[in-house]
Amino acid sequence: MSGAVSTSGPESLDDDISPRFTPRQALAESSRCLFCYDAPCVRACPTGIDIPGFIRRIANGHATGAAHTIMEENIFGGTCARVCPTEVLCEEKCVMNEGEQRPISIGRLQRFATDALMEEAAATKAPHPFTRAPSTGKKVAVVGAGPASLSAAHRLAMLGHEVAVFEAKPKAGGLNEYGIAAYKMVNDFARKEAKFILGIGGIKIHYGKALGRGVKLHELSVKYDAVFIGVGLGNTRDLSIAGEQLKGVGDAVDFIERLRQRKTLGAPKVGKRVVVIGGGNTAIDAAIQSKLLGADEVVMAYRRGPEQMSATGYEQQLAKSSGVVVRDWLAPKKIKGPSKGKDAGKVTAVEFVRTKLDAKGKLVETKETVTIACDMVLKAVGQTMIEETLAGLELKNGKIAVNKDFATSLKGIFAGGDCVKSGEDLTVQAVQDGKLAAHAIDRFLKG
Ligand code: SF4
C-alpha cells in the first residue's frame, strides 16, 4: 500500500486526487508511526496539532477520538487534510525521511479521522463534539466567513460569547467554498464542513453583508463588544500592461469561483489555447482546470524560476502531469489582439520578455521576447486589499496592521488571516490566526 499522494493529475473536475484511506490502510499507515517524543512534525504544523497523539488513536481503532485531538487545535482539520502542503510542512519534517523511508502520510490520516467524525456527527445528530462555556453575555462581530473568521467564530462560541458573522457571499467557507479547485475538495465538502463548525451553536451568519456594503466597521464597533476582521483579500492585481481590457482576459480567482459554483451557475467557457500568468496555487488550479474543461493547450507563465514559485514542487508536478506546460522566467509585457477583422477586440497572444537573475540575485529583464498565441488569458498574480472599506485602520504593506495579539490600531477591533499576512497565504495559518485572535479577544473582553 502506498500512503503517498498521487502526483498524476486529476482526470475530471470532480476527481478526488487524494482519496480517503480505507480503515485497513489507515491502520497500516498509523502503525508505521514512531510516536516520537517532541515530534518534529508537530513543530512544523502551524496549528500545533498533536500529530503522534492523533495517529496513536487511529492505530488504536479510535478514528473519531483522533479527529477530536486534531480539531482541538484546528477546527478546519478536514480542509487542511486536503489542501495543506504537507510535503513542505509536517511530512517534510517526519523522522522517517532520515531513514530514507517514506514519511508518514499525516495528511491522509488526518482526512481519515476528520471525515469519520464529521460523518458520524451528520448521521447521528449527536451533540457537537465541542461544548460551549457558560454564556459571558458578550457579543462579538466577525467579518467574513472564511477559514480565519470561522475558526475565530468557533473558538469564541466555545468560550461562551455570542457571535454574529457578516459574510458578503451567499455561502460560508470563503476560499474553501469559492477559491480552491474542486478536485481538492470534492462532494460539497466545504459546505458540509462549515455546517459542522457552525453546529456548536451561538453563531449567527448574516449573508450578503460586506464591509462598506451592508455593514460598516464603526457601526459594528459600537454595537458589539469586539470585532474580528477576517476578510481575506480582494481584487486580483492588475498586470498594468497594454491589452488587459481585451475580450478573453480574466481573473483566475473569478474563473475558479465560477467553476466551484458551476452546478448552479453553469461552467465558465474555456479557450482552446489558454495562458495562465502567475506562479501560485491559484495559477496551478486555474491551469489544471482549464485543461480538464477541454483546452487544447495550457501554458502557465511565471516571471521567476520554479524554486521561487509559491506553488510547491508537488503542485507544479501535478500541473505538468495534467498536461500544463510550465514556462519560467517570462514576464508579461503586452497582451495582443487585432483592432479589425473577425477577432477585433479579442486576445490572440501574450508577449513576454525573458527574465533572469543578475549577479546580485535581482530579477532583471533581458532583451529577448517570447510571444505565446492564445485565445484566453487568466491572471493569477496575487490579490490586493480593498482599502477604502477599512477606513480608520492602520495598514502596513497594504495589509491590516496588527500586533502579536491580532489587535488592530482601533481598540476592540482585531484581524487575522490573509488580510494581515504579508507572507504565504496558507489556509492552516489563517485557521491558526483565527484561533489565537479568539483567545486574545476573550482576554480583551475579560479586561
Ligand atoms: Fe510519527 Fe513522523 Fe511525527 Fe515521528 S515525526 S511522530 S514518525 S509522523
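Residues numbered from 1 in each chain as written. Predicted model: local features only at pLDDT ≥ 70, side-chain atom pairs only at ≥ 80, totals over all residues. Heavy atoms only, no water.

Colleague: Any chance you could explain the packing of helix α3 (residues 51-59) against helix α4 (residues 63-73) here in plain terms?
Modeller: For any two helices packed against each other, one specifies the inter-axial angle together with the distance between the axes. Across the interface, α3 lies against α4 with an axial gap of 7 Å and an inter-helix angle of 170°. With respect to their mutual orientation, α3 and α4 come out roughly antiparallel. For the pair α3 and α4, the contacting residues are G53, F54, R57 and I58 in the first and A63, G65, A66, T69 and I70 in the second. Across the contact of α3 with α4, the residue classes break down as 5 nonpolar, 3 polar and 1 charged. (Axes fitted to C-alpha atoms, helices over the stretch in contact; angles between N-to-C directions. Helix = DSSP H or I, 4+ residues; strand = E, 2+ residues; numbered from the N terminus. Parallel < 35°, antiparallel > 145°, perpendicular 65-115°, else oblique. Contact = heavy atoms within 4.5 Å. Nonpolar A, V, L, I, M, F, W, Y, C, P; charged D, E, K, R; others polar.)

Colleague: Can you help me understand the side chain of R262 in this one?
Modeller: Residue position: R262 is located in helix α13 (residues 262-265). Judged by its relative accessible area of 16%, R262 falls in the buried class. At 3.0 Å, the side chain of R262 and the backbone oxygen of L259 are in polar contact. (Buried < 20%, exposed > 50% of the residue type's maximum accessible area, 1.4 Å probe, protein only. Polar contact = N/O pair within 3.5 Å; in protein donor to acceptor, adjacent residues only side chain to side chain.)

Colleague: What exactly am I supposed to notice about empty space enclosed by the protein here?
Modeller: Using a probe with the size of a water molecule, rolled over the atoms, empty space left in the structure can be pinpointed. Applying the stated criterion to the full structure yields 4 cavities of 30 Å³ or more. Approximately 120 Å³ is the volume attributed to the largest cavity. Taken together, 16 residues make up the lining of the largest cavity; nearest its centre are C45, C84, T86, C90 and Q110. Residue assignment for the lining of the largest cavity shows that the elements contributing at least two residues are α5 (77-83) and α7 (106-124). When residues in the lining of the largest cavity are grouped by element, the largest group, 3 residues, is from α7. The residue inventory of the lining of the largest cavity, partitioned by class, reads 11 nonpolar, 5 polar and no charged. Each pocket or cavity is described by its volume, and for the second largest cavity that value is around 100 Å³. Contributing elements (two or more residues each) for the lining of the second largest cavity: α2 (40-43) and α3. Of the residues contributing to the lining of the second largest cavity, the split by class is 14 nonpolar, no polar and 1 charged. (1 Å grid on protein atoms, 1.4 Å probe; cavity = no way out; pocket = protein on both sides within 12 Å on 5 of 7 lines; lining within 4 Å. Points joined across faces, edges and corners; volume = space filled by probe spheres on them.)

Colleague: Explain the pairing of strand β6 (residues 226-229) here, please?
Modeller: Here is the key point about a regular strand: its side chains alternate between the two faces of the sheet. Taking every second residue as pointing to the same face, both faces of β6 are buried, with A226 and F228 on one and V227 and I229 on the other. In this structure, β6 lies alongside strand β17 (residues 413-415), joined through 3 bridges in parallel fashion. Across the sheet, residue F228 finds its bridge partner in β17, namely F414. (Pairing = 2+ DSSP bridges.)

Colleague: How do you make sense of the nonpolar core when you look at a structure like this?
Modeller: Across soluble globular proteins, nonpolar side chains show a tendency to be buried alongside one another. Grouped together as the largest cluster of nonpolar side chains are 64 residues, with contacts concentrated most on I51 and F54. Among the elements that take part in this core, helix α16 (residues 427-445) stands out by supplying 7 residues, more than any other. When near neighbours in sequence (up to four residues on either side) are disregarded, I51 contacts C41, V42, C45, C90 and I106. Within the second largest apolar cluster, 29 residues are counted, among which are I288, M309, V324 and A380. (Core = buried A, V, L, I, M, F, W, Y, C linked by side-chain atoms within 4.5 Å.)

Colleague: Is there a simple way to think about the site of the ligand in this case?
Modeller: Neighbouring the ligand are the residues C33, L34, C36, A39, C41, P52, C94, V95, I104 and I106. In a pocket analysis with a 2 Å cut-off to the grid points, the ligand is assigned to the second largest cavity. Here the residues of the shell around the ligand sort into 10 nonpolar, no polar and no charged. (Near = heavy atom within 4 Å. Sits in = over half its atoms within 2 Å of the grid points.)

Colleague: Mind showing me how you'd approach unusual backbone geometry here?
Modeller: What is expected of a backbone is that most residues other than glycine have negative phi and most peptide bonds are trans. For F35, which is not a glycine, the phi torsion comes out positive at approximately 50°. Take F35: it is sitting in the loop between α1 (23-32) and α2. In this structure F35 comes out as partly exposed when scored by relative accessible area, which is 22%. Backbone geometry places D38, a non-glycine residue, at a positive phi of 50°. Within the secondary structure, D38 is located in the loop between α1 and α2.

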